[in-house]
Amino acid sequence: MRRVHRPATVETAMIQDELKQAVAREAIKYVVEDTVIGVGTGSTADLFIDELGRMKNRIAGAVASSERSASG
């Protein structure tokens, strides 16, 4: 059976965004205070970086894997 690629609907995109946000919020729980955090690149990493920004006074710093992550 051949798979047919169908574009994501608005509802699917919204659900994906909500799931990515949930992943970012959950991942932040694993950040150890007073350490340097390495962050990746991508839409989920962008959301993680936003969450990380809320606790910036509790970490020693962050290292970005790309220019995109560094400018976020």
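Further up the page is the structure itself.
Residues numbered from 1 in each chain as written. Predicted model: local features only at pLDDT ≥ 70, side-chain atom pairs only at ≥ 80, totals over all residues. Heavy atoms only, no water.

Draft legend 1. Highlighting the overall build of the protein chain. The number of helices and strands found in the protein chain is three helices and two strands. The helix and strand sequence of the protein chain, counted from the amino end, reads α-β-α-β-α. When burial is assessed residue by residue, the protein chain has 21% of its 72 residues classed as buried. (Helix = DSSP H or I, 4+ residues; strand = E, 2+ residues; numbered from the N terminus. Buried < 20%, exposed > 50% of the residue type's maximum accessible area, 1.4 Å probe, protein only.)

Draft legend 2. Layout of the packing of helix α1 (residues 10-28) against helix α2 (residues 43-53). For the pair α1 and α2, the least separation of the axes is 8 Å and the interaxial angle reads 45°. The pairing of α1 with α2 is recorded here as oblique in orientation. Note that α1 runs across α2; the crossing there is right-handed. Residues D17, K20, Q21, V23, A24, R25, A27 and I28 of α1 lie in contact with α2, whose contacting residues are S43, T44, L47, F48, E51 and L52. Looking at the contact of α1 with α2, its residues break down into seven nonpolar, three polar and four charged. (Axes fitted to C-alpha atoms, helices over the stretch in contact; angles between N-to-C directions. Parallel < 35°, antiparallel > 145°, perpendicular 65-115°, else oblique. Left-handed = near helix turned anticlockwise from the far one by under 90°. Contact = heavy atoms within 4.5 Å. Nonpolar A, V, L, I, M, F, W, Y, C, P; charged D, E, K, R; others polar.)

Draft legend 3. Summary view of the pattern of salt bridges. Going through the model one piece at a time under the given rule, you end up with four salt bridges. R58 is paired through a salt bridge with E33; the nearest N and O atoms lie 3.3 Å apart. Taken together, the residues R58 in the loop between α2 and β2 (61-64) and E33 in the loop between α1 and β1 (36-39) connect sequence positions 25 residues apart. Of the residues examined, E33 reaches a relative accessible area of 44% and is grouped as partly exposed. (Salt bridge = Lys/Arg side-chain N within 4 Å of Asp/Glu carboxyl O.)

Draft legend 4. Highlighting the side chain of S69. The residue S69 is located in helix α3 (residues 67-71) in this model. Classification of S69 by relative accessible area gives buried; the value is 5%. Look past the residues within four positions of S69 in its chain and what remains in contact with it is V39, G40, T41, I49 and A64.

Draft legend 5. Molecular detail of the environment of T44. Locating T44 in the fold gives a position in helix α2. Here T44 falls in the partly exposed class, since its relative accessible area comes to 28%.

Draft legend 6. Unusual backbone geometry, seen in detail. In this structure, D34 is a non-glycine residue whose phi angle is positive, near 65°. Of note, D34 is situated in the loop between α1 and β1.

Spatial relationships are all this shows, so hold off on functional conclusions.
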